[in-house]
Amino acid sequence: MLTIDDGLFLQIPGDSGQRTLHPATVVDVRDNLYSVKLEENVPVEPGQDVLIYYETKREFVQQSANVGATMPFEATPVLRIVTIGEPVSAETRQCYRVSTVTANLSANVGELVGCPLIDVSATGFSIVADDCFKIGQVVPALLVFEGEQFSGKACIQSAKELGTNRIRYGLHCINDRESGWDLERGLSHISTAVQRMQLRRRAG
């Protein structure tokens, strides 16, 4: 958990597809509402989704957040941000991702329906879609597997161009009181089931 005077970094959605981290300092804390002072003037709007990075228990983590308000403060603004879900490691991929290309699965992400599901793990998944999402953006997600639906919220963590305006997006599941644990439960179930199917196929 962050406290006053702690340092952190903000990643603004749409930073040209790059992981540009903007330094900031916590100046006030109220539950999961933080006031942070940026060290540089960065264009951020109220209601915008961001990613924050910080160190806790000697581990560098990232967490989704939403900008509640911006307040002028000398040359750089102070942002009021509300954290979403729990922090996850920003150093290594937490869980093994299993390829789902041959399983012919799809996902609904944001307003897009039927995006090809490329891989899945217990905490996230990847899709292929048009160039329409920004890194750090939080979107609704729906996965369907064996007739069962799993819905929740996910954060766009990465974007890789595949050519012809097609992008491979990596998403991380977000769990909070509003969205619940349904999506994470589905990811764990799908990941395990697909691995078992692949093992059975290899065993003949």
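Here's a quick rundown of the structure. (Residues numbered from 1 in each chain as written. Predicted model: local features only at pLDDT ≥ 70, side-chain atom pairs only at ≥ 80, totals over all residues. Heavy atoms only, no water.)

**Overview of the overall build of the chain**
Secondary structure summary: the chain contains one helix and 13 strands in total. Counting helices and strands in the order they occur from the N terminus, the chain gives β-β-β-β-β-β-β-β-β-β-β-β-β-α. Counting the 204 residues in the chain, one finds 45% classified as buried. Looking at the chain alone, contacts between residues at least 24 apart form 52% of all its contacts between residues at least 6 apart. Per element, the accessible surface of the chain, about 11200 Å² overall, is 47% carbon and sulfur. (Helix = DSSP H or I, 4+ residues; strand = E, 2+ residues; numbered from the N terminus. Buried < 20%, exposed > 50% of the residue type's maximum accessible area, 1.4 Å probe, protein only. Contact = heavy atoms within 4.5 Å. Areas by Shrake-Rupley, 256 points an atom, 1.4 Å probe, with all protein chains shown as cover.)

**Side note on the packing of aromatic side chains**
Overall, the coordinates contain two aromatic pairs when judged by the stated rule. Measuring from ring centre to ring centre gives 5.8 Å for Y53 and F60, while their planes differ by 25°; the resulting arrangement is stacked. A residue is classified by how much of its surface remains accessible, and F60, at 24% relative accessible area, is partly exposed. Between F133 and Y169, the aromatic rings sit 5.2 Å apart at their centres with planes inclined by 80°, giving edge-to-face as the arrangement. You can see F133 sitting in the loop between β10 (124–130) and β11 (138–145) and its partner Y169 sitting in strand β13 (residues 166–174), a full 36 residues away along the chain. By relative accessible area, which is 1% here, Y169 ends up buried. (Phe/Tyr/Trp six-rings, centres within 6.5 Å; stacked < 30°, edge-to-face > 60°.)

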